[in-house]
Amino acid sequence: MPEDITGLLPEELCDYLKLDAKFRAKQIFKWIADGAKSFDDMTNLSKDLRATLSSNYSLYSTKISKELVDPDGTVKLQIELNDGRLIETVLLTDAEQRKTACVSCQAGCGMGCAFCQTGKLGFGRNLTPGEIVEQFLHLESRAGKLDNIVFMGMGEPMQNLDSIRKAIAVLSSEQGRNLSKRRITLSTCGVCAGIYDLADNGPLLRLAVSLTTADEDLRKELMPVTKGNSLADLKRAIKYYTEKTGTRCTLEAAILHDVNTGDKSADNLISFARGLNVHFNLIPWNPVPGLPFTEPSAAETHALVNRLEKAGISATLRTRRGRTIGGACGQLGRSQAAEK
């Protein structure tokens, strides 16, 4: 399988494209970062070189097959890979107009979280570094320069760390896009080995962990990853990461009506958070057709936030965006607008 050009650093481009001069590879790398869609766009290359490259290589390996826009401004792109598989990436814009790319790292997902649309798809394959980078570039082409990137799309990042590391190296290179690593967040459903790997081998990123519940038995039902990554093991891994990197971890919880709300659920979360440098991000569950859950009431979610805060635990209730286009947390994999 040929390399994806968008996932290569300048020195790799020089070898792969069989260029005579290293500075040409740097020029091509910068053009890609600046949004060039073809070699013909690279006007500081000679016409002969552009023609040769165009005849022998494809700049992008992916293409946008569908675009959906939510009334709240959220944009979701369905992207077709070169083998015909489909993935999704989402552009989120907050109240301060900061733009964030929510990118996928796998086609589908094999983790099987009971409340997630993507989990229903099963695992297809890992994405290449170029396929990850191109999601970001497709969104920048659509919306201009982006501020942040979050690995919270389709797939479990800890199962594709090598590709993610390479994609980050490309996007953060000073010779190209120069995206600050401080603006990159990786979210895992709780793969402890990956958390240790990231802590020990980098890169230094913001870590988010999808916790949802700190009841061991309930978490095993909702999140099968728990069977090989107990809550005790997960807490130790999070503590290791935050102490080694000097950063705070975000604990995410999808709030399900009458499932993980109430005082006991709150007390379990409080107990888990004790001794950790963490912040809770509480996410009212977004509807997924065919799943046996119900959205929580406003009273449930606010009561949960209040109980955490009274215990001295930092918590935020996340604003849900992109729901009508299947672009909200847990909804990726449904590339059609919701019926009115």
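All figures in this text were calculated on a predicted structure; none of them were measured in a lab.

Conventions we followed
- Residues numbered from 1 in each chain as written.
- Predicted model: local features only at pLDDT ≥ 70, side-chain atom pairs only at ≥ 80, totals over all residues.
- Heavy atoms only, no water.
- Pairing = 2+ DSSP bridges.
- Helix = DSSP H or I, 4+ residues; strand = E, 2+ residues; numbered from the N terminus.
- Axes fitted to C-alpha atoms, helices over the stretch in contact; angles between N-to-C directions.
- Contact = heavy atoms within 4.5 Å.
- Phe/Tyr/Trp six-rings, centres within 6.5 Å; stacked < 30°, edge-to-face > 60°.
- Buried < 20%, exposed > 50% of the residue type's maximum accessible area, 1.4 Å probe, protein only.
- 1 Å grid on protein atoms, 1.4 Å probe; cavity = no way out; pocket = protein on both sides within 12 Å on 5 of 7 lines; lining within 4 Å.
- Points joined across faces, edges and corners; volume = space filled by probe spheres on them.
- Salt bridge = Lys/Arg side-chain N within 4 Å of Asp/Glu carboxyl O.
- Parallel < 35°, antiparallel > 145°, perpendicular 65-115°, else oblique.
- Left-handed = near helix turned anticlockwise from the far one by under 90°.
- Nonpolar A, V, L, I, M, F, W, Y, C, P; charged D, E, K, R; others polar.

Participant: Sorry if this is basic, but what is going on with the sheet that holds strand S2 (residues 75–80) here?
Facilitator: Paired through backbone hydrogen bonds, the strands of a sheet run either parallel or antiparallel to each other. Taken together, 10 strands build an open sheet; the order of strands is S1-S2-S3-S4-S7-S8-S9-S10-S11-S12 and the sheet is mixed. Strand pairing shows two members of the sheet lacking a second neighbour, strand S1 (63–69) and strand S12 (315–317), which therefore form its edges. Across this sheet, the average inter-strand angle for adjacent strands is 20°, counted without regard to direction. Packed on one face of the sheet, helix H5 (residues 129–143) meets S1, S2, strand S3 (86–93), strand S4 (99–102) and strand S7 (148–151) and runs near 45° to S3.

Participant: What exactly am I supposed to notice about the packing of aromatic side chains here?
Facilitator: The geometry of an aromatic ring pair is captured by the separation of the ring centres together with the interplanar angle, meaning the angle of the planes. Counted according to the given criterion, the structure contains 3 aromatic pairs. Between tyrosine 16 and tyrosine 57, the ring centres sit 5.6 Å apart and the planes meet at 50°, which makes this aromatic pair tilted. Placement of tyrosine 16 in helix H1 (residues 10–16) and of tyrosine 57 in the loop between helix H3 (47–56) and S1 is noted, with a sequence separation of 41 residues between them. We classify tyrosine 16 as partly exposed; its relative accessible area is 23%. Judged by relative accessible area, tyrosine 57 falls into the buried class, the value being 18%.

Participant: For this particular structure, what's the right way to read the side chain of threonine 185?
Facilitator: Within the element layout of this structure, threonine 185 appears in strand S8 (residues 184–188). Of the residues examined, threonine 185 reaches a relative accessible area of 12% and is grouped as buried. Ignoring anything within four residues of it in the chain, the contact list for threonine 185 reads Ile149, Val150, Phe151, Met152, Arg206 and Ala208.

Participant: Before we go on, may I ask you to explain empty space enclosed by the protein in this structure?
Facilitator: It is the rolling of a water-molecule-sized probe over the atoms that shows where space remains empty. Counted under the stated rule, the structure contains 1 cavity of 30 Å³ or more. Approximately 70 Å³ is the volume found for the largest cavity. Lining of the largest cavity is provided by Thr6, Leu8, Phe29, Ile32, Ala33, Val133, Leu137, Val170, Leu171, Gly176 and Arg177. Among the elements of the structure, helix H2 (22–33), H5 and helix H6 (161–172) are those that each provide at least two residues to the lining of the largest cavity.

Participant: Would you explain the pattern of salt bridges in this entry?
Facilitator: Pairing of side chains with opposite charge becomes possible as their charged atoms draw close. Here the structure, examined in full by the defined rule, presents 19 salt bridges. The partner of arginine 125 in a salt bridge is aspartate 83, with the nearest N and O atoms 2.8 Å apart. Of this pair, arginine 125 sits in strand S6 (residues 122–126) while aspartate 83 sits in the loop between S2 and S3, and the two are 42 residues apart along the sequence. A relative accessible area of 41% means that aspartate 83 is categorised as partly exposed.

Participant: How should the packing of H5 against H6 be read in this particular structure?
Facilitator: Two numbers describe a pair of packed helices, the interaxial angle and the distance between the axes. Orientation of H5 relative to H6, taken along the N-to-C sense of each, is 50°, at an axis distance of 8 Å. Between H5 and H6, the interaxial angle falls into the category oblique. In the packing of H5 onto H6, the handedness of the crossing is right-handed. Contacts from Pro129, Ile132, Val133 and Phe136 of H5 reach H6 at Ser163, Ile164, Lys166, Ala167, Val170 and Leu171. Of the residues that constitute the contact of H5 with H6, the class distribution is 8 nonpolar, 1 polar and 1 charged.

Participant: For this particular structure, what's the right way to read the packing of helix H10 (residues 263–273) against helix H11 (residues 298–310)?
Facilitator: For the pair H10 and H11, the least separation of the axes is 10 Å and the interaxial angle reads 40°. In terms of axis orientation, H10 runs oblique to H11. Crossing hand, H10 versus H11: right-handed. Each of Asp263, Ala266, Asp267, Leu269 and Ile270 in H10 lies in contact with H11, whose residues at this interface are Leu304, Arg307 and Leu308. Looking at the contact of H10 with H11 residue by residue, the classes come out as 5 nonpolar, no polar and 3 charged.

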